[in-house]
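Chain by chain, the residues run as shown.
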Amino acid sequence: MTTILSAQQVSFARDGNVILDKTDLALSAGEMVGLIGPNGAGKSSLLRVMAGLLQPDSGAVNLSVTANAAAQSLSTLSGPVRAQVMAYLPQQETPAWPLQVEHLVGLGRAPWHKPMSGKSARDKQAIEHALEITELQSLRQRIVTTLSGGELQRTLLARVFAGEPHIILADEPIAALDPYHQLHVMELLATHAQQGGTVLAALHDLSLAARFCSRLILLHHGKIVADGEPIQVLTTENLEQVYGISAYVDCREDGVVIIPRKRVL
Ligand SMILES: Nc1ncnc2c1ncn2[C@@H]1O[C@H](COP(=O)(O)OP(=O)(O)OP(=O)(O)O)[C@@H](O)[C@H]1O
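What counts as what
Residues numbered from 1 in each chain as written. Predicted model: local features only at pLDDT ≥ 70, side-chain atom pairs only at ≥ 80, totals over all residues. UniProt positions renumbered as here; feature names shortened; annotations may be inferred. Helix = DSSP H or I, 4+ residues; strand = E, 2+ residues; numbered from the N terminus. Rg over C-alpha atoms; globule rule 2.2 N^0.38 Å. Buried ≥ 20, exposed ≤ 12 C-beta atoms within 10 Å, placed from the backbone. Contact = placed C-beta atoms within 7 Å. Near = placed C-beta within 6 Å. Nonpolar A, V, L, I, M, F, W, Y, C, P; charged D, E, K, R; others polar. pLDDT = per-residue confidence, 0-100. Pairing = 2+ DSSP bridges. Right-handed = clockwise from strand over helix to strand, strands pointing away.

Going by what an unreviewed UniProt entry lists, the protein is known as ABC transporter domain-containing protein and is assigned to Cellvibrio mixtus. UniProt, in the comment section headed Function (unreviewed entry), describes the protein in these words: "Part of the ABC transporter complex HmuTUV involved in hemin import. Responsible for energy coupling to the transport system." Reading the Sequence similarities (unreviewed entry) entry of the UniProt record for the protein gives the comment "Belongs to the ABC transporter superfamily."

Take a look at the structure:
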């Protein structure tokens, strides 16, 4: 598989603490990759470095703007070009303006706009599609500051889909969602990958991560300690050493089920 986005030997420290430690990561088209690890492992930091929102102290992040294009350093690509290719869904975002849902979703089209230009037919189509797949049509005129946490999270995801990015970097995209919407969002992200896109999502629900991701990356203290198929990564040893828990790991026909049992002191 051809690498489309990669981090090479990326290191990042703050206040004398190493947050990412010579991390290597390569993502290909068609992959849905779950980034897992305990609180503070460095998942958000790695996602932000991959998105070009955080400058690493050392190392490089390279992006191929199309499947066949040569990889280029993120720093040599303009903001709009990067944003056309990849979108970042933050862990938390408080809307600053009392926009309607459809207008916030429409902001996902910003990388495709010339300054001061109106919405094209393609823009309108992409926004409608994003509202439809995230089942937000009935909320389209609601003011975003009045949304529930889960409704807002789906609206922010719809903004991502409206931008029609190839790569989606999502930080805990299902954290605020009920079980129905968790499944729905995981299905949407998996479908994006099945259609040739690339997804890297930080996740805490290990069962859903195992079920929907083709590959899991386990991060601990800013280092990747396991990278592979879910069942290879979610071993009882890794869960104990990295998360400090003993857990039931049950491989069933319809996927792996992880049930945390007790903390290992
Ligand atoms: N700007 C900063 N200054 C100081 N420490 C920081 C800064 N940004 C992140 N950190 C620290 O780096 C570590 C990794 O943070 P990060 O948010 O990447 O973890 P995470 O794996 O996403 O965690 P969580 O699962 O809790 O969201 C944490 O210990 C955090 O406190």
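Some words on the overall build of the protein
Of regular secondary structure, the protein possesses 9 helices and 12 strands. For the protein, whose C-alpha radius of gyration is 19 Å, the value lies close to the compact-globule estimate of 18 Å for 265 residues. Among the 265 residues that make up the protein, the fraction classed as buried is 40%. Residue pairs in contact within the protein that sit at least 24 positions apart in sequence constitute 64% of those at least 6 positions apart.

Section: the site of the ligand
As a structural note, the neighbourhood of the ligand is formed by Arg14, Asp15, Ile19, Gly37, Asn39, Gly40, Ala41, Gly42, Lys43, Ser44 and Ser45. Of the residues forming the shell around the ligand, the biggest block, 3 residues, is contributed by helix H1 (residues 43-50). When its residues are assigned to classes, the shell around the ligand shows 2 nonpolar, 6 polar and 3 charged.

A look at the confidence of the model for the protein
Mean pLDDT over the protein stands at 93; residues scoring 70 or higher make up 99%. Interface confidence for the predicted complex, expressed as ipTM, amounts to 0.97; the pTM equals 0.95.

Structural notes on the pairing of strand S8 (residues 198-202)
Counting buried residues along S8, 5 of its 5 residues qualify, which places the element largely inside the surrounding structure. Here S8 shows no split at all, with Thr198, Leu200 and Ala202 on one side and Val199 and Ala201 on the other all buried. Pairing of strand S3 (residues 32-36) with S8 involves 4 bridges; the strand directions are parallel. Opposite valine 33, over in S8, you have leucine 200 as the bridge partner. Strand direction decides the pairing type here: strand S7 (residues 167-171) and S8, joined by 5 bridges, are parallel. Paired with isoleucine 168 across the strands is valine 199, a residue of S8. The parallel pair S7 and S8 is bridged by helix H6 (residues 179-194), and the resulting crossover is right-handed.

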